Amino acid sequence: MLYYCPLEPYKERYTLQWSAPKTGWLERNWLKQEVAYYRVSGKLPEGAGSIRTGCVLDAVKRSKFAFSQIEELLTLADNGVITSNDVIYFDDFWHPGIEALPYAFHLFGIRPRMYAFLHAQSVDEFDFTYPMRSWMRPFEVGIASALEGIFVCGPCLRDLVVFGGIAGREKVHITGHPFNSEEVRERMPKIDQPRLDQVVYSSRWDQEKSPWFFLKVAREVVKARPQARFVVCTGSQTIRSNDPGLVTLLHQACHDLP
């Protein structure tokens, strides 16, 4: 059996499409392929689904939700439901409480295989976790040792895992971000017109996403193709950033670029 520990579905971010029960990108495909899985739903705290504390996920509600999933996993193991033949998959490597599982499973005499998707890590100087690396680094190394495998979206993150000393290359698998291509095509309007010279920046306008590099590229492209347009997406009515200076930089660029 596959035990799935999803992220809480936030409307501001992709987690709503990714982790929603049955309709999320992962579960939709598992149901289609008739994969036997159990959703470790946990307990959504009051007000879940909106970000208030933190720039990526709500730090407080994220921890409450993650710990409730750990509690559910421990209850299942204590009742003899989870066995060594099972697999546990975490939507996020940074799952508070995950460090309690190896010890508990050892006491239960089982060893289910555990996997997690690693989105960010403290060895990356552009990531918002970097200032917390003094205590995050040991945590990352410890969690990685308990996992059977780590999934990342691309070679850059894999190299950070390997050369940052989190885990060996044999444990890290490049998968890309899971998404349902059929759903994406269904949501796209059918427009019969030529492709536009348009570049879309779909990441958060935060420091760890290197937005100044995007602007640098934009300026160089405009020199060669003045007709090119650049678009920055946002999940709110206004552009927000963990560095207010980047917002000022973007507004200034709007006067200089198409």
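Whatever comes next refers back to the structure up there.
Below you will find a few notes about this structure. (Residues numbered from 1 in each chain as written. Predicted model: local features only at pLDDT ≥ 70, side-chain atom pairs only at ≥ 80, totals over all residues. Heavy atoms only, no water.)

## A word on the overall build of the protein
Thought 1: When helices and strands are counted, the protein shows nine helices and eight strands.
Thought 2: Overall, the C-alpha framework of the protein stretches about 65 × 45 × 40 Å when taken along its three principal axes.
Thought 3: For the protein, the residues scored as buried account for 41% of the 258 residues in total.
Thought 4: Put simply, 69% of the contacts in the protein that link residues at least 6 apart link residues at least 24 apart.
Thought 5: The averaged location of the 30 negative side-chain charges in the protein is 4 Å from the averaged location of its 30 positive side-chain charges. (Helix = DSSP H or I, 4+ residues; strand = E, 2+ residues; numbered from the N terminus. Buried < 20%, exposed > 50% of the residue type's maximum accessible area, 1.4 Å probe, protein only. Contact = heavy atoms within 4.5 Å. Lys, Arg positive; Asp, Glu negative; His and termini not counted. Charge placed at Lys NZ, Arg CZ, Asp CG, Glu CD.)

## Focus: unusual backbone geometry
Thought 1: Of note, Lys22 is a non-glycine position whose phi angle comes to about 65°, a positive value.
Thought 2: Inspection of the secondary structure assignment puts Lys22 in the loop between helix H1 (15-19) and helix H2 (25-32).
Thought 3: One non-glycine residue with positive phi stands out, namely Glu34, at about 60°.
Thought 4: Positionally, Glu34 belongs in the loop between H2 and strand S2 (37-39).
Thought 5: With a relative accessible area of 72%, Glu34 lands in the exposed category.

## What to know about the packing of helix H8 (residues 211-224) against helix H9 (residues 244-256)
Thought 1: Across the interface, H8 lies against H9 with an axial gap of 11 Å and an inter-helix angle of 10°. Considered as vectors, H8 and H9 are oriented roughly parallel to each other. Residue-level inspection shows Pro211, Trp212, Leu215 and Arg219 of H8 in contact with H9, the latter providing Leu246, Leu249, Ala253 and Asp256.
Thought 2: Here the contact of H8 with H9 is built from residues that sort into six nonpolar, no polar and two charged. (Axes fitted to C-alpha atoms, helices over the stretch in contact; angles between N-to-C directions. Parallel < 35°, antiparallel > 145°, perpendicular 65-115°, else oblique. Nonpolar A, V, L, I, M, F, W, Y, C, P; charged D, E, K, R; others polar.)

## Regarding the packing of helix H3 (residues 59-78) against helix H4 (residues 101-108)
Thought 1: Interaxial distance between H3 and H4 falls to 10 Å at its minimum, and their mutual angle equals 10°. The angle between H3 and H4 places the two elements in the roughly parallel class. Contacts between H3 and H4 involve Ile70, Leu73, Leu74, Ala77 and Asp78 from the former and Leu101, Ala104, Phe105 and Phe108 from the latter.

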